[in-house]
Amino acid sequence: MSIDKFQTIESTAVPISIENVDTDQIIPARFLKATTREGFGENLFRDWRYDKSGEPRADFALNNPKYSGTILVGGKNFGSGSSREHAAWAIHDYGFKVVVSSFFADIFKNNALNNGLLPVQVSENFLVSIFEAIEADSGTRIRIDLENQEIKLIATGESENFQINPYKKKCLINGYDDIDYLLSIKDKIARFEESQI
């Protein structure tokens, strides 16, 4: 599965300030029957987005027309719980390119990176600044510079650097999945094999 190339994104954001969001809240287990990655976005946060009769909950951020963009800002400890890769599929399929939090579950973080979704981990103080900026102005723009590993609030200039595995960074910048990466270095692999004969 090739992924979109990722270098810099500047966008408004959708805030979900709830802490300890687990993968069953991101995509409930009853929607895991599909075998392809497409279509999961429509059930992202299903039980928070809709009431029992299927009506949208007006107080949930994804249903609020003032929030939009390709950046999802979540509370601390985002993506905990089961190891289901479908959580990353659902977020990406909905249209998000980045998830920001002050802490990610390791398995969710790896699943996100493997599916072209960038998890940006920031300090708790910076996360508070982001939520406050969005609350004050839902049009607040955030810039994610993957090359320089920087996240910035455009209006204030406040910024932080974030960490990412160098291999995964290279894959995202070039739009590679693991197979694409191996194909990109096939000549090096062939030379190495020849040197071992």
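Trainee: For this particular structure, what's the right way to read the overall build of the protein chain?
Mentor: Along its length, the protein chain carries eight helices and eight strands. When each of the 197 residues of the protein chain is scored for burial, the buried share is 45%. Taking all contacts inside the protein chain whose residues are at least 6 apart in sequence as the whole, residues at least 24 apart take part in 65%. Of the roughly 10500 Å² that the protein chain leaves accessible, carbon and sulfur atoms contribute 47%.

Trainee: In this structure, what is going on with the pattern of salt bridges? I would like to understand it.
Mentor: When their charged atoms lie close together, side chains carrying opposite charge are able to pair. In total, this model carries four salt bridges according to the counting rule given. A salt bridge links Arg 84 to Asp 24, with the nearest nitrogen and oxygen atoms 3.0 Å apart. You can see Arg 84 sitting in the loop between β3 (71-74) and α3 (86-94) and its partner Asp 24 sitting in helix α1 (residues 23-26), a full 60 residues away along the chain. For Arg 84, a relative accessible area of 16% puts it in the buried group. Its salt-bridge partner being Glu 124, residue Lys 76 comes within 3.0 Å of it at the nearest N-O pair. With Lys 76 in the loop between β3 and α3 and Glu 124 in helix α5 (residues 124-136), the pair connects residues that are 48 residues apart, well separated along the chain. In this structure, a network of salt bridges that share partners links the residues Glu 10, Arg 141 and Arg 143.

Trainee: What is the right way to read the side chain of Ser 11 from this model?
Mentor: Structurally, Ser 11 can be placed in strand β1 (residues 8-11). Exposure remark for Ser 11: the relative accessible area of 8% places this residue in the buried category. Polar side-chain contacts of Ser 11 include one of 2.9 Å to the backbone nitrogen of Thr 70.

Trainee: Before we go on, may I ask you to explain the packing of aromatic side chains in this structure?
Mentor: Pairs of aromatic rings are described using the distance from one ring centre to the other and the angle between the two planes. The final tally for this structure, using the stated rule, is eight aromatic pairs. On the numbers, 5.6 Å between centres and 5° between planes, the contact of Phe 45 with Trp 48 is stacked. Plain terms: the ring middles of Phe 104 and Phe 108 are 6.1 Å apart, the flat faces sit at 15° to each other, and that makes the pair stacked. The same class applies to Phe 104 and to Phe 108, which are both buried. Over the ring of Tyr 50 we find Arg 46, and its NZ or CZ is 4.4 Å from the ring centre.

Trainee: Before we go on, may I ask you to explain the sheet that holds strand β2 (residues 13-16) in this structure?
Mentor: Strand pairing within a sheet occurs via backbone hydrogen bonds; the two strands may be parallel or antiparallel. Ordered by their spatial adjacency, four strands build an open sheet running β2-β3-β4-β5, and the pairing between neighbours is parallel. Edge positions in the sheet fall to β2 and β5 (118-121), since each has one partner strand and no second. Ignoring which end each strand starts from, the neighbouring axes of this sheet average 20° apart. Bridge count between strand β4 (residues 98-101) and β5: four bridges; the pairing is parallel. What sits directly across from Ser 101, in β5, is Gln 121.

Trainee: Would you mind showing me how to read the sheet that holds β1 here?
Mentor: Taken in spatial order, the four strands make up an open sheet running β1-β6-β7-β8, and their pairing is antiparallel. Single-partner strands in this sheet number two, and they are β1 and β8 (159-161). Strand after strand, the sheet turns through a mean of 10° between neighbouring axes, direction not considered. Inspection of the sheet shows strand β7 (residues 150-153) paired to β8 by three bridges, in the antiparallel sense. Counterpart to Lys 152 in the pairing with β8 is Ser 159. Contacts between α5 and the sheet are confined to β6 (142-145), β7 and β8, with β7 contributing the most and set at about 40° to the helix.

Trainee: Just checking my understanding: could you explain the environment of Pro 65 for this structure?
Mentor: Mapped onto the secondary structure, Pro 65 falls in the loop between α2 (46-49) and β3. A sequence separation of 73 residues divides Pro 65 from Ser 138, and the C-alpha atoms of the two residues are 9.9 Å apart.

What counts and how
- Counting from 1, residues in each chain are numbered in the order their sequence is written.
- In keeping with the model being predicted, local features are shown solely for residues with a pLDDT of at least 70 and side-chain atom pairs are shown and tallied solely at 80 or more, while totals for entire chains, interfaces and linings include all residues.
- Side-chain figures throughout are based on the complete set of non-hydrogen atoms in the structure, without hydrogens or water.
- Secondary structure elements follow DSSP: runs of H or I of four or more residues count as helices, runs of E of two or more count as strands, with numbering from the N terminus.
- Note on classification: 1.4 Å probe, protein chains only; a residue is buried when its accessible area is under 20% of the maximum for its type, exposed when over 50%, partly exposed between these limits.
- Only heavy atoms enter the contact rule, under which two residues are in contact if any of them lie within 4.5 Å.
- Residue exposure ignores everything except the shown protein chains as possible cover, and the areas themselves are Shrake-Rupley values with a 1.4 Å probe.
- What counts as a salt bridge is simple: a side-chain nitrogen of Lys or Arg found within 4 Å of a carboxyl oxygen of Asp or Glu.
- Under this definition, polar contacts are N or O atom pairs within 3.5 Å; protein pairs additionally need one hydrogen-donor-capable and one acceptor-capable atom, and for neighbouring residues in sequence, both atoms have to be side-chain atoms.
- Ring geometry is summarised as follows: Phe, Tyr and Trp rings, the Trp one being its six-membered ring, pair when their centres sit within 6.5 Å, and such pairs are stacked at plane angles under 30 degrees, edge-to-face over 60 and tilted between the two.
- Whether a charge sits over a ring depends on NZ of Lys or CZ of Arg being within 6 Å of the ring centre and within 35 degrees of the ring normal.
- The rule for pairing is simple: two strands pair if DSSP sees at least two bridges between them.
- All axes are obtained by fitting lines to C-alpha atoms, using only the stretch in contact for helices, and the reported angles, taken between N-to-C directions, cover 0 to 180 degrees.

Take it as geometry only, folks, not as evidence of what the structure does.
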